[in-house]
Amino acid sequence: MTTPLVGIDIGGTKTAAALVDGTGRVLERREAPTPARSGPRAVLDTAARLAIDLLGAATGPVGVGTAGTVDPTTGGIRYATDSLPGWTGTPVADELAARLGRRVRVTNDVNAAALGECWAGAGRDRDHVLLVAVGTGLGGAVVRHGRVEAGARGAAGEVGHLPAPGAERLRCGCGRYGHLEAIASGSGLAAAYLIETGTHVTGRAVAERAAAGDGVAQRVVERAGAVLGAALAGLVALLDPDAVVVAGGAAGPLLPSASTAYSAEVPAGWADVPLLPATLGVDAVLVGAARLTLDGPHIERTNG
């Protein structure tokens, strides 16, 4: 395949579009702040504007990785958090198809990241991969034979809502307490540090303080990583992947303790399943969205 592909990444703070070649390499990219507070129409207009610049070099569908739970039968948003106000119910596939004059395939951004890593990143040449994305929250995706397992509601792989020891006083993004996301995420680090010290800082600041020798921050980070690693070891026994890939901006500080706990807890029958850091960085969603256009699991929409 020689014709480039177009992938779009719609997030709560930034939107990007990229031209991707047949090996998963980003050739060109466009980026702009997401006008989240201006509503879904403005968000879609921004995404379309970025992609239009790239369409001349590509044919075929456009792929989209977006925040929120995507309906696998319509390409619309079943549920989204307040990071994109009004995004719930938005028919993303239909709306972008109308703007772009192209077929559009849509999936959740973590699913797209998993597709990207399996195509051109840490999961390359592996048939079965569990990807966990550690950012402000905690997301996950399961890829089998190069395709995302969507589940009945398009929400399969949401590992962040598993019960987790040590998170009983920490609130998850879903509003409940005691979930894995509530402890093993950027927001979880911030909340745990607040409980320990009474100081409001970001998760990134907690990680930076830990690296600088702050004992409380180090305990918070190590505890979060250990809980994450143990949870991933259990999920390996459940899902039987070839590899576990850990991605996301908040993943780095947690990986050392997560890897230690993972190695200690993974059952003997799965001891050869590696825990790997993602390699595509901020391009993962774009690359995976482009890959989605080749044989995406979600319905295509056209402008007519």
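Residues numbered from 1 in each chain as written. Predicted model: local features only at pLDDT ≥ 70, side-chain atom pairs only at ≥ 80, totals over all residues. Heavy atoms only, no water.

### Things to note about the overall build of the protein
Working step 1: Along the backbone of the protein there are 9 helices and 12 strands.
Working step 2: A globule of 304 residues ought to have a C-alpha radius of gyration of about 19 Å, and the protein, at 19 Å, matches this closely.
Working step 3: Principal-axis analysis of the C-alpha atoms places the extent of the protein at approximately 55 × 45 × 35 Å.
Working step 4: The buried share of the protein, taken over its 304 residues, is 53%.
Working step 5: Within the protein, contacts between residues at least 6 apart in sequence are counted, and of these 63% link residues at least 24 apart.
Working step 6: If you average the places of the 26 positive and of the 29 negative side-chain charges in the protein, the two averages end up 5 Å apart. (Helix = DSSP H or I, 4+ residues; strand = E, 2+ residues; numbered from the N terminus. Rg over C-alpha atoms; globule rule 2.2 N^0.38 Å. Buried < 20%, exposed > 50% of the residue type's maximum accessible area, 1.4 Å probe, protein only. Contact = heavy atoms within 4.5 Å. Lys, Arg positive; Asp, Glu negative; His and termini not counted. Charge placed at Lys NZ, Arg CZ, Asp CG, Glu CD.)

### Digging into the nonpolar core
Generally speaking, nonpolar side chains in soluble globular proteins are found buried as a group.
Working step 1: Counting 43 residues, the largest nonpolar core has Val 134, Ile 183, Leu 228, Leu 232 and Tyr 262 as its most contacted members.
Working step 2: Looking at this core, the elements that each hand over two or more residues are strand S8 (128-134), strand S9 (138-144), helix H4 (180-183), helix H5 (186-197), helix H6 (203-211), helix H7 (215-239), strand S11 (243-247) and helix H8 (251-265).
Working step 3: Element by element, the count of residues in this core is highest for H7, at 11 residues.
Working step 4: When sequence neighbours within four positions are dropped, the list of residues in contact with Tyr 262 reads Gly 229, Leu 232, Ala 233, Val 236, Val 244, Val 273, Pro 274 and Leu 275.
Working step 5: Counting residues in hydrophobic clusters, the runner-up holds 31 residues, among them Ala 17, Ile 77, Trp 87 and Val 106. (Core = buried A, V, L, I, M, F, W, Y, C linked by side-chain atoms within 4.5 Å.)

### Description of the sheet that holds strand S12 (residues 275-277)
Working step 1: Taken in spatial order, the 5 strands line up as S10-S9-S8-S11-S12 in an open sheet, and their pairing is mixed. Looking at strand neighbours, the two that pair on one side only are strand S10 (147-148) and S12, the edges of this open sheet.
Working step 2: Pairing analysis gives 2 bridges linking S9 to S10, with the strands arranged antiparallel. Each bridged residue has a counterpart across the sheet, and for Arg 144 the counterpart in S10 is Arg 147. (Pairing = 2+ DSSP bridges.)

### A few points about a negative patch on the surface
Working step 1: On the surface, a cluster of negative charge is contributed by Asp 127, Asp 240, Asp 242 and Asp 272.
Working step 2: Structurally, Asp 272 is set in the loop between H8 and S12. (Patch = residues over 30% accessible without salt bridge, like charges linked within 9 Å, V, L, I, M, F, W, Y side chains within 5 Å. Areas by Shrake-Rupley, 256 points an atom, 1.4 Å probe, with all protein chains shown as cover. Salt bridge = Lys/Arg side-chain N within 4 Å of Asp/Glu carboxyl O.)

### Focus: the sheet that holds strand S2 (residues 14-20)
Think of a sheet as strands paired side by side through backbone hydrogen bonds, with each pair either parallel or antiparallel.
Working step 1: Within the open sheet, the 5 strands sit side by side as S3-S2-S1-S4-S7. Their pairing is mixed. A strand with exactly one partner marks an edge of an open sheet, and here the two such strands are strand S3 (26-33) and strand S7 (104-108). Neighbour to neighbour, the strand axes of the sheet diverge by 15 degrees on average, direction disregarded.
Working step 2: Taken strand by strand, helix H3 (residues 109-120) contacts strand S1 (5-10), S2, strand S4 (62-66) and S7, and its axis lies near 100 degrees from that of S7. (Axes fitted to C-alpha atoms, helices over the stretch in contact; angles between N-to-C directions.)

### Describing the pattern of salt bridges
Working step 1: Tallying each qualifying case throughout the model produces 11 salt bridges.
Working step 2: For the salt bridge of Glu 95 with Arg 99, the shortest nitrogen-to-oxygen distance reads 2.7 Å. One end of the pair is Glu 95 and the other is Arg 99, both in helix H2 (residues 92-100) and 4 residues apart, which spans about a single turn.
Working step 3: Overall, Arg 99 belongs to the partly exposed group, its relative accessible area being 25%.
Working step 4: Counted as one network, the salt bridges with shared partners bring together Glu 28, Arg 30 and Asp 53.

### Some thoughts on the packing of H3 against helix H9 (residues 284-295)
Working step 1: Look at H3 against H9: their axes get within 6 Å of each other, and the N-to-C directions meet at 85 degrees. The orientation of H3 relative to H9 falls into the category roughly perpendicular. Across from Asp 109, Ala 112, Ala 113, Leu 115, Gly 116, Glu 117, Trp 119 and Ala 120 in H3, the residues of H9 making contact are Ala 284, Val 285, Val 287, Gly 288, Ala 289, Arg 291 and Leu 292.
Working step 2: Of the residues in the contact of H3 with H9, the class split is 10 nonpolar, 2 polar and 3 charged. (Parallel < 35°, antiparallel > 145°, perpendicular 65-115°, else oblique. Nonpolar A, V, L, I, M, F, W, Y, C, P; charged D, E, K, R; others polar.)

### Section: the packing of aromatic side chains
Aromatic ring pairs: the centre-centre distance and the angle between the two ring planes describe each pair.
Working step 1: Scanning the model with the defined rule gives 0 aromatic pairs in all.
Working step 2: Taking the ring centre of Trp 119 as reference, the NZ or CZ of Arg 291 above it sits at 6.0 Å. (Phe/Tyr/Trp six-rings, centres within 6.5 Å; stacked < 30°, edge-to-face > 60°. Lys NZ or Arg CZ within 6 Å of the ring centre and 35° of its normal.)

Structural measurements only, silent on function.
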